[in-house]
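Topology and contacts: notes
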Amino acid sequence: MSSIDPDTSIKDNSVTNAAAGPAQFPNWLLQQVRERPQALAALDRNEKLTFEALYRQADKVARKLAAANIEPGKRVAVLMGSGLPFVVTVHALMQLRAVLVPLNLRLTPAELSWQLADVQADLLLADATHAEVGQAIAEAVPGLPCLVSLEELPEADYTPAPYYNPDDLHTIIYSSGTTGKPKGVRLLYRNHFYNASGSAQNLPAGPDDLWLAVLPLFHVGGLSIILRGLFYGMPLLVHESFNPAEVNRALDEQGVTIISVVANMLARMLDERQDRPYPPTFRAMLVGGGPVPAPLLERCARSGIPVIQTYGMTETASQAVTLAPQDALRKLGSAGLPLPGVELRLELGGEAANGLEQEGVGEILLRGPSITPGYDGRPEETARAWREGWFHTGDLGRLDAEGYLYVVDRRNDLIISGGENVYPAEVEAVLLGHPGVEEAGVIGIPDPRWGQVVMAFIKPRPGAKLDEAEIKEYCAAQLARYKVPSVVRFTGENLPRNAAGKLLRRVLRTDYMKTSY
């Protein structure tokens, strides 16, 4: 194990050190090793790691990365499945104070290559399962090294971070913008810490809990569970993928107390167990990724399932608003109150509200220490989203008399399919690249499994002979599977546009409703 500075003392989440001063965060992993070395930190189906064992593995990876010239501030893109190696890698990068850039495994090589070039990654780290894809995307980015196996690398000496500056960059996670252009969201150490702190005040958790991580660890929702375990001294159970039967078995047999899911996961879990109640040891089903349908909430209430709705996004380091457990039934359908430290207000009459202020609906605005300071390398888009200290989410909501938030929609045109954001403009751009497509418009339509799926309206070019299968195959080569249209409708008419030539997707939605019912 790397040496620990004996002159550094940790107390109450700050570090007293002559060089650092009192305003720093400690090295939380070393803190856990000192206080509870043999306590369980993380486990999967095959392995259990105590905090000491987790540190030893993270330290070994950090030494090898140090030999690859990774040092504080370097950007390391991670192309790995959800499992203990991903957890270890997160901690290794924190020991080095390097920047984590988690990559969405569902994206195509072209999409990933663009992100790696945009973020100016210093290294791509892939696991064996994704080695071939990793090499391919690295070759598309000039000068980017790709490491698959660290075993053959030597180890180099380094000094584990004795403390963290709250304003140091921890993560860059790509999240699509309203135009469909991906943006790297900058998350600082303080963003992650204060998000976890606010969550703990709303839903206390600690060493006696077991949080099941089934959300992809490359998403902010999955990453936040890793970091909460570190801050709380709480163990986490990691599943590589979502399987409703295995999740239900873990809740029944392994003592899981908390789980984070999206709505379609919850529905599949209930279908698999036929609405049987969960054991009393299970105390919180946090549901995010979009509003939960009222029938699903009512179904959970009938079975006594402790559902807690949340509202958040990558820019808020996960949750920003969460329903308290005691309000789960009293405020059915609400996302709850802002977490401690988060301020929320609605902007009525703004552009995003689109005239809905008469219904009490406005754009959701947030500020606080858990909110990202902005987008990486995107000063203009940062300035548009942050005005007078408030982050303009573009999402719509209303507040009841007690100040509880009800999310109305996640932007007018945004499609949420299985908890994944799909922006129509991105899909339309791909469709318009097909030589036989003259016009393209994309909307989301209801789907019983995924909440929504993508539907495309296409006007073919004169003489072009297109069919649905060809369009889907064309899109699948360039887009992640959840972005590929599930339904394609061809039309000989021009798509609806306003006087400025802007596509009117709301008219497409109206046309779909007229012909579907």
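A short tour of the structure in this document, coming up. (Residues numbered from 1 in each chain as written. Predicted model: local features only at pLDDT ≥ 70, side-chain atom pairs only at ≥ 80, totals over all residues. Heavy atoms only, no water.)

1. Thoughts on the packing of aromatic side chains
Keep this limit in mind: Ring pairs are drawn from Phe, Tyr and Trp, using the six-membered ring of Trp, whenever the two centres fall within 6.5 Å, and their geometry is named by plane angle: stacked under 30 degrees, edge-to-face over 60, tilted for the rest. Comment: elements are numbered from the N terminus, with helices defined as DSSP H or I runs of at least four residues and strands as E runs of at least two. For a Lys NZ or an Arg CZ to count as sitting over a ring, it must be within 6 Å of the ring centre and within 35 degrees of the ring normal.
Scanning all chains against the criterion turns up 13 aromatic pairs. When the centroid spacing of 6.3 Å and the interplanar angle of 85 degrees are considered together, the rings of Trp 114 and Tyr 174 count as edge-to-face. Here Tyr 174 lies in strand β11 (residues 169–176) and Trp 114 lies in helix α4 (residues 109–119), a separation of 60 residues in the sequence. Seen from the ring of Tyr 163, Arg 97 lies directly overhead, with NZ or CZ sitting 6.0 Å from the centre.

2. As for the nonpolar core
Just so we agree on the cut-off: Remark: nonpolar core denotes a set of buried residues (Ala, Val, Leu, Ile, Met, Phe, Trp, Tyr, Cys) joined through side-chain atoms within 4.5 Å. A simple rule labels every residue: compare its accessible area, found with a 1.4 Å probe on the protein chains alone, to the largest value its type can have, and call it buried under 20%, exposed over 50%, or partly exposed in between.
Counting 87 residues, the largest nonpolar core has Trp 28, Leu 65 and Tyr 311 as the members making the most contacts within it. Among the elements that line this core, the one with the most residues is helix α3 (residues 84–96), at nine residues. Ala 121, Val 430, Val 442 and Cys 475 belong to the second largest nonpolar core, which has 40 residues in total.

3. Some remarks on the layout of surface pockets
Formally: Think of a 1 Å grid over the protein atoms and nothing else: a 1.4 Å probe that fits but is trapped marks a cavity, an open set flanked by protein within 12 Å on at least five of seven lines marks a pocket, and residues with an atom within 4 Å of a point count as lining. Grid points are joined across faces, edges and corners, and a volume is the space filled by probe spheres set on the points. Note on residue categories: nonpolar means Ala, Val, Leu, Ile, Met, Phe, Trp, Tyr, Cys or Pro, charged means Asp, Glu, Lys or Arg, and polar means any other residue, Gly included.
Roughly 390 Å³ of volume is contained in the second largest pocket. Around the second largest pocket, the lining is made up of 17 residues, and of these Val 61, Met 80, Pro 85, Leu 150 and Glu 151 lie nearest the centre. Among the secondary structure elements, those contributing two or more residues to the lining of the second largest pocket are α2 (51–67), α3 and β8 (123–126). Residues of the lining of the second largest pocket, tallied by class, amount to nine nonpolar, three polar and five charged.

4. Observations concerning the sheet that holds strand β18 (residues 318–322)
Paired through their backbone hydrogen bonds, the strands of a sheet run either parallel or antiparallel. As a reminder of what qualifies: Pairing between strands is defined by DSSP: at least two bridges between them are needed. By definition, residues are in contact when any of their heavy atoms lie within 4.5 Å. Axis definition: a line fit to C-alpha positions, over the contact stretch in the case of helices; interaxial angles, taken between N-to-C directions, run 0 to 180 degrees.
Across the sheet, nine strands lie side by side as β5-β4-β14-β13-β15-β16-β17-β18-β19; this open sheet has mixed pairing. Edge strands, defined here as strands with exactly one partner in the open sheet, are β5 (48–50) and β19 (337–338). Strand direction decides the pairing type here: strand β13 (residues 211–213) and strand β14 (residues 236–238), joined by three bridges, are parallel. Residue pairing for β14: Ala 213 is matched across the bridge by Val 238. Of the strands in this sheet, β13, β14 and β15 (258–262) touch helix α8 (residues 244–253), which is tilted by about 165 degrees from β13.

5. A few points about helix α7 (residues 220–232)
Rule in force here: A helix is expected to span 1.5 Å multiplied by its residue count minus one.
Look at α7: 18 Å from first C-alpha to last across 13 residues, which is about the 18 Å you get at 1.5 Å a residue. Across the 13 residues of α7, 13 count as buried, placing the element largely inside the fold. Backbone geometry just downstream of α7 places Gly 233 in the positive-phi region, at approximately 70 degrees.

6. Overview of the pairing of β8
Inclusion rule: The crossover handedness rule: strands pointing away from the viewer, path from first strand over the helix to second strand clockwise, crossover right-handed.
The side-chain alternation of β8 yields two buried faces, one formed by Leu 123 and Leu 125 and the other by Leu 124 and Ala 126. For β8 and strand β9 (residues 146–147), the ladder comprises two bridges, and the chain directions are parallel. The partner of Leu 124 across the bridge, within β9, is Cys 146. For the crossover from β8 across helix α5 (residues 131–139) to β9, the handedness is right-handed.

7. Comments concerning the packing of helix α9 (residues 263–273) against helix α10 (residues 294–302)
Here is the rule: Note on angle classes: values under 35 degrees are labelled roughly parallel, values over 145 roughly antiparallel, values of 65 to 115 roughly perpendicular, and the remainder oblique. With the far helix as reference, a near helix turned anticlockwise by less than a right angle produces a left-handed crossing, and one turned clockwise produces a right-handed crossing.
α10 packs onto α9 with a crossing angle of 45 degrees between their chain directions and a minimal axis gap of 11 Å. The angle between α9 and α10 places the two elements in the oblique class. The handedness of the crossing between α9 and α10 comes out as left-handed. Between α9 and α10, the contacting residues are Ala 263, Leu 266, Ala 267, Leu 270 and Asp 271 on the first element and Leu 296, Arg 299 and Cys 300 on the second.

8. Focus on the sheet that holds strand β28 (residues 437–447)
One open sheet holds the three strands; their spatial order is β28-β29-β30, and the pairing between them is mixed. This sheet does not close on itself; its edge strands, each paired only once, are β28 and β30 (487–490). Strand-to-strand, the axes of this sheet are offset by a mean angle of 25 degrees, without reference to chain direction. In terms of strand pairing, strand β29 (residues 451–460) meets β30 through four bridges, oriented parallel. Looking across to β30, one finds that Ala 456 is bridged to Val 488. Where helix α12 (residues 424–432) meets the sheet, its contacts fall on β28 and β29, and the angle it forms with β28 comes to roughly 140 degrees.

9. Regarding unusual backbone geometry
Phi at Ala 317 is positive, roughly 60 degrees, even though this residue is not glycine. With respect to the helices and strands, Ala 317 occurs in the loop between β17 (307–313) and β18. Classification of Ala 317 by relative accessible area gives buried; the value is 1%. Unlike most non-glycine residues, Glu 388 shows phi in positive territory, near 55 degrees. Tracing the backbone shows Glu 388 in the loop between β23 (386–387) and β24 (390–399). Judged by relative accessible area, Glu 388 falls into the exposed class, the value being 75%.

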